[in-house]
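Summary of structural features
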Amino acid sequence: SDAVIFGAAMPKPEAHRAGKQRGGRGAWRRRHRGMAAKEVGAEGGSVVPNASWWSDEQVMLPGGLMCPKPPPYAAAKPQLPTGLASAETPRLTAELAKKHASKDNLLIATYVNFNRLDFALTLVMHLLAMGNPHYLVGAMDDQVGHALASRGVNTFFMSTGLTTRDTGWGTPAFRQLGLHKANLVLELARTGVDCLTVDADALLLRDPFPYLRALPDADVLTSSDYLVATNGYADEGLEGRSAFGAAFNIGYIFVRATAVEFVKRWSKACHRDPNAWDQNLFKSILHSGGRRGRSSAPTAAKPGNPRLQPMFTTSEGRQLMVGVLPVSLFASGHTHFVSRMAHLMHTTPYMVHTTFQYGGAQ
């Protein structure tokens, strides 16, 4: 084929590290760009754009173009039913949460208004395709509640009173949405389930439960806006200590029921200062602690996973164990689409949160 496959010849992580040692990341990029330019030098060749996934196989597209074989998450999804009877959307209760949680008490939750109905349907179809039915979707208005119920989606009603249209990043409605999110995380923790709460624009590409199950000592796990993989591309574990100094991103957070006291303190802080950014307060409360107001900045890790840091101190004197999810596998828009970290690791991320993307952000 005349097609040129960008990414098919990307160096393995070991080669990338060696490249860094011979002149740093910039030198590696210059060498790789030169290699790619040489490969596409033949005039008239058909070019397939950079793939956002990695594969060691190629498939032929209509017209004869070759393309890296799409990953499992690109396969056709099971279709949701349509036209089901739409009963009254229930409220969130412990009974409802435990009904839909896994046998080991894990649950995934998101929330949408009618304007983001398609986001919720996409998330649900991805989960069902993975074989994971353990989710709930919060309906922020009656319209989306009926729409979700008519498609057979596990849903509950959130009384927000916010617009059914796009809130727009940074708007007053966006700030109000943060208050409702803090309330939701608190309500979920009070049900007794261990819940992964995700924004609807955080696409789930792999089942996260195996990763969470491997971290039984973690009370709180958060994604991050950090742009550096602190442990390199050959490591799929939690980020290292330096990641705790970067901005947390609560578009993808795992909170066990054991952290309910922390979530209550965070929710109160959000309502006390509604103009503050909820994820900044999330981080500051983790640092401030809950016992006589003393600081709970990360200290020496306790036995167990050394990348879990003891932070928020409960009224009983226990420190919550907190971890930062790897930015390569629980990716931002930048680390996935620009840095292409998972691609360099020759793997598929668990999640891509479409941050650092500016279309439609107004």
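Note that this is a predicted model, so its numbers are computed, not measured.

The next point concerns the packing of aromatic side chains. Enumeration over the complete set of coordinates arrives at 8 aromatic pairs. Taken together, a centroid distance of 5.4 Å and an interplanar angle of 55° make the contact between tyrosine 252 and phenylalanine 330 tilted. Here tyrosine 252, found in strand β11 (residues 248-255), pairs with phenylalanine 330, found in strand β14 (residues 330-332); they are 78 residues apart in sequence, far enough to count as distant. Residues tyrosine 252 and phenylalanine 330 agree in their burial class; the two are buried. With centroids separated by 5.1 Å and ring planes inclined at 5°, the aromatic side chains of phenylalanine 330 and tyrosine 350 adopt a geometry described as stacked. Pair noted here: phenylalanine 330 is in strand β14 and tyrosine 350 is in the loop between α11 (341-344) and β15 (351-353), with a separation of 20 residues, a long-range link. For the pair shown, phenylalanine 330 and tyrosine 350 are each scored as buried. Here a set of aromatic residues connected by ring pairs shows up, and it is made of Tyr211, Tyr252, Phe330 and Tyr350. Above the face of the phenylalanine 119 ring, arginine 116 is positioned so that its terminal group lies 4.8 Å from the ring centre. Its end group placed over the ring of phenylalanine 248, lysine 283 keeps NZ or CZ at 4.9 Å from the ring centre.

Nonpolar side chains collect at one region of the surface, where Leu227, Val228 and Phe356 lie side by side and expose about 220 Å² of accessible area between them. On the basis of relative accessibility, which here comes to 32%, the residue phenylalanine 356 falls in the partly exposed class.

Calculation rules
Residues numbered from 1 in each chain as written. Predicted model: local features only at pLDDT ≥ 70, side-chain atom pairs only at ≥ 80, totals over all residues. Heavy atoms only, no water. Phe/Tyr/Trp six-rings, centres within 6.5 Å; stacked < 30°, edge-to-face > 60°. Helix = DSSP H or I, 4+ residues; strand = E, 2+ residues; numbered from the N terminus. Buried < 20%, exposed > 50% of the residue type's maximum accessible area, 1.4 Å probe, protein only. Lys NZ or Arg CZ within 6 Å of the ring centre and 35° of its normal. Patch = residues over 30% accessible without salt bridge, like charges linked within 9 Å, V, L, I, M, F, W, Y side chains within 5 Å. Areas by Shrake-Rupley, 256 points an atom, 1.4 Å probe, with all protein chains shown as cover. Salt bridge = Lys/Arg side-chain N within 4 Å of Asp/Glu carboxyl O.

On their own, these measurements won't tell you what the molecule is for.
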